[in-house]
Amino acid sequence: MSISFPDDFLWGTATAAHQVEGNNWNNDWWAWEHNPASPCVEPSGDACDHYHRYPTDIALLAELGFGTYRFSIEWSRIEPVEAEWSRSALDHYRRVCATCLDHGITPVVTFHHFTTPCWVANHGGWEEPTTADRFAFFCEKATAHLGDLIGWGCTFNEPNVVATMGYLAGVFPPGRRDAALRRSVNDILVDAHHKAVGAIKSGPGDFPVGLTLSMTDWQAVDGGEERRDRIRRNFEDVYLEAARGDDFIGVQTYTRSRVGPQGALEPEEGVETTLMGYEFWPEALEGTIRRAWEVTEQTPIYVTENGIGTDDDTRRIEYVQRALRGVRACLDDGIDIRGYTYWTALDNFEWALGYEPTFGLIAVARETFERTPKPSAAWLGEIARTGTLTG
């Protein structure tokens, strides 16, 4: 059965600077992955050498049929120490934006994708309230240089993951485990988002600005509703409420999570799992879109990440096909969804898990950096060209 999407629906794919550029040695993640006490299985190193190879990567995305490219700019390159700005780094990202536009691709710029400069971390990182002002100033300076070329702007990528994984679970930098501190960091990140929106909108260009949020289809099991709501409150709701009135909210979803009275449960027996260890559950995207629409009080939605870590590309196609049918169902019910972005363009550095989980539409040889599009790349690119999903 074929389904069609609106003519102005945006289709794209995404990367993050630290996961693909290589040698971002001046941020907290580089320090973390080289810390023997961290859970990281390997360092990022050269990553995909996208910092140098972006022209051919963007040309390949255009050839495949994608109309948007979401990427992040690396704060630690642009402001390597406090109040010292690298014109060379700013010019680099300006060239990335211009290359997108030259190929008919809309640049979607993320100002913070998990990594924070070492000098900011040394000042207290995201547990220090003044970091919100430092980040807003960075956004102001970056927008002054790039704003006339930006198509969409994302202040933060998944600030809830920065807070939860770094300050509660202890598996992202700075490796803290403190529930009260996580709540404080949530507040600081919300403040930083609001200040960043103002800073970005004060610069050149006229483009939508919002944040992106990691969302899970939280499902209560055997009386787990109260526990589910408590988990969801601190992980998602504080940010969904903060996004009310923004130009858009970026929904980023991969799976569901079942919650019982004692907390999150292991994957259900008999349900397929991915290389990340969570359930193959593409229907989760529809559930999170509907919840984001409700809690943000009908803020427009842009799916800024959705995908699967798998070494079986047929499962990638099956996953995305089912997820897109959920998107179409939401559109049919009047939810304002502006586009769909697959995570990710390239097999890359998956944070603490290293290079084993493969989310990419394009394979990258670790030794030579050779790019090889997978069948899913051509399949999704054709949907992007035609706006039609068949099968």
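All figures in this text were calculated on a predicted structure; none of them were measured in a lab.

Draft legend 1. The arrangement of helix α3 (residues 50-64) in detail. Spanning 15 residues, α3 covers only 18 Å between terminal C-alpha atoms, well under the ideal 21 Å at 1.5 Å per step. Along its length, α3 shows its largest kink, about 40°, at Thr56. In the stretch just after α3, Gly65 is the one whose phi turns positive, near 120°.

Draft legend 2. Structural context of the nonpolar core. Counting 116 residues, the largest nonpolar core has Ile73, Phe111, Trp126, Phe135, Ile289 and Ile337 as its most contacted members. The greatest single-element share of this core, amounting to 10 residues, is contributed by helix α9 (residues 179-201). Those residues in contact with Ile73 that sit more than four places away from it in its chain are Ile78, Tyr93, Val109, Thr110, Phe111, Phe138, Ala142 and Leu146.

Draft legend 3. The arrangement of the packing of aromatic side chains in detail. The final tally for this structure, using the stated rule, is 26 aromatic pairs. Each ring, one from Trp29 and one from Phe172, has its centre 4.9 Å from the other, and the planes form 80°; the classification is edge-to-face. Of the two residues, Trp29 sits in helix α2 (residues 28-33) while Phe172 sits in the loop between α8 (159-167) and α9, which places them 143 residues apart along the sequence. Per residue, the accessibility class of Trp29 equals that of Phe172, and both read buried. Measuring from ring centre to ring centre gives 6.4 Å for Phe172 and Trp351, while their planes differ by 40°; the resulting arrangement is tilted. With Phe172 in the loop between α8 and α9 and Trp351 in the loop between β10 (337-343) and β11 (362-364), this residue pair connects regions lying 179 residues apart in the sequence. Taken together, the ring pairs in this structure connect Trp29, Phe114, Phe172, Phe349, Trp351 and Tyr355 into an aromatic cluster. In this structure, Arg366 is placed above the aromatic ring of Tyr355, and the distance from its NZ or CZ to the ring centre is 3.8 Å.

Draft legend 4. Structural context of the pattern of salt bridges. Inspection of the entire model under this criterion finds 29 salt bridges. Here Glu305 ties to Arg70 by a salt bridge, and the two come within 3.3 Å at their closest N and O atoms. Highlighted residues: Glu305 in strand β9 (residues 301-306) and Arg70 in strand β3 (residues 68-72), separated in sequence by 235 residues. Exposure remark for Glu305: the relative accessible area of 4% places this residue in the buried category. Residue Asp332 is joined to Arg328 by a salt bridge in which the shortest nitrogen-to-oxygen separation is 2.9 Å. With Asp332 and Arg328 both in helix α12 (residues 313-332) and four residues apart, the pair spans about one turn of that helix. Bridged by salt links that share partners, the residues Asp133, Asp191 and Lys195 form one connected network.

Procedures and definitions
Residues numbered from 1 in each chain as written. Predicted model: local features only at pLDDT ≥ 70, side-chain atom pairs only at ≥ 80, totals over all residues. Heavy atoms only, no water. Helix = DSSP H or I, 4+ residues; strand = E, 2+ residues; numbered from the N terminus. Expected span 1.5 Å × (residues − 1). Bend = angle between axes of the 7 residues up to and from the residue. Core = buried A, V, L, I, M, F, W, Y, C linked by side-chain atoms within 4.5 Å. Buried < 20%, exposed > 50% of the residue type's maximum accessible area, 1.4 Å probe, protein only. Contact = heavy atoms within 4.5 Å. Phe/Tyr/Trp six-rings, centres within 6.5 Å; stacked < 30°, edge-to-face > 60°. Lys NZ or Arg CZ within 6 Å of the ring centre and 35° of its normal. Salt bridge = Lys/Arg side-chain N within 4 Å of Asp/Glu carboxyl O.

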